[in-house]
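# Observations on chain architecture
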Amino acid sequence: MEVRGSVISNIKAYVENKHPEKFEEWHSSLSAKSQELMERPGTSKWYPINEGILEPTEKMCELFYLNAKEGAWKSGRFSAEEALTGIYKVFVVVSTPLFLIKRASRIMGTFYRPTEVHVVDNDDKSMVVHFTKLPTQSRYLEYRIAGWMEKALEICGCKELSVKIPKSIANGDDVFEVDISWK
């Protein structure tokens, strides 16, 4: 159950950019291990997921948001924006939504392990994605991933997106399901 250091760096960047006035309060609320990981994680190294992103995301949600969904979702959107703008923006803009999500499902395994993702249903304006393995059972992680997918599809040009989570591994389902539609 591990996360790549680049995800840890992104959570820190999110708090620094979106809540700079409370960054120190957030950082000091973390355990010593999480604080240590936040300092300078190697972007290509693997770290424990609990101290790397779950605890920091939970503390962020407690301090800045009314609920876990809002905070984790917004940090996922920020992550997609950071990853898919700049040099990668051209790739995303010329991609179809299905191609983008199929590629993203492969990429998820390079950031979270173990992870297994499948597009199980799709047409021109919708798709259903199943995560059959996640590194941990956490609504924070599921919300973050769904937020990332939503922003990635917005960057791809999808309008009037609807991103729903009908099934959740964290809630005891056998898959984490993301149901996406757009116009």
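Residues numbered from 1 in each chain as written. Predicted model: local features only at pLDDT ≥ 70, side-chain atom pairs only at ≥ 80, totals over all residues. Heavy atoms only, no water.

### Focus: the overall build of the protein chain
Secondary structure summary: the protein chain contains 8 helices and 7 strands in total. Taken over C-alpha atoms, the radius of gyration comes to 16 Å for the protein chain, in line with the 16 Å a tight globule of 183 residues would show. In terms of overall dimensions, the protein chain has a C-alpha envelope of 45 × 35 × 30 Å along the principal axes. Considering only contacts in the protein chain between residues 6 or more positions apart, those separated by 24 or more positions represent 65%. Distance between charge centres in the protein chain, computed from 25 positive and 26 negative side chains, equals 5 Å. (Helix = DSSP H or I, 4+ residues; strand = E, 2+ residues; numbered from the N terminus. Rg over C-alpha atoms; globule rule 2.2 N^0.38 Å. Contact = heavy atoms within 4.5 Å. Lys, Arg positive; Asp, Glu negative; His and termini not counted. Charge placed at Lys NZ, Arg CZ, Asp CG, Glu CD.)

### Details of the confidence of the model for the protein chain
Chain-level statistics for the protein chain give a pLDDT mean of 91 and a share of 95% at 70 or above. Confidence scores differ between elements of the protein chain, with helix α6 (residues 89–93) showing the lowest mean pLDDT of 66 and strand β6 (residues 162–167) the highest of 98. (pLDDT = per-residue confidence, 0-100.)

### Focus on the pattern of salt bridges
Tallied over the entire structure, the rule returns 7 salt bridges. Among the ionic pairs, R77 bridges to E154, the shortest N-O distance being 2.9 Å. Here R77 is found in helix α5 (residues 68–84), whereas its partner E154 is found in helix α8 (residues 139–155), with 77 residues between them in sequence. A salt bridge links K133 to E116; its shortest N-O distance comes to 4.0 Å. Taken together, the residues span a long stretch of sequence, with K133 in strand β5 (residues 126–133) and E116 in strand β4 (residues 116–123) at a distance of 17 residues. Take E116: its relative accessible area is 32%, and that puts it in the partly exposed class. Linked by salt bridges that have partners in common, R77, E150, K151 and E154 make up one network. (Salt bridge = Lys/Arg side-chain N within 4 Å of Asp/Glu carboxyl O. Buried < 20%, exposed > 50% of the residue type's maximum accessible area, 1.4 Å probe, protein only.)

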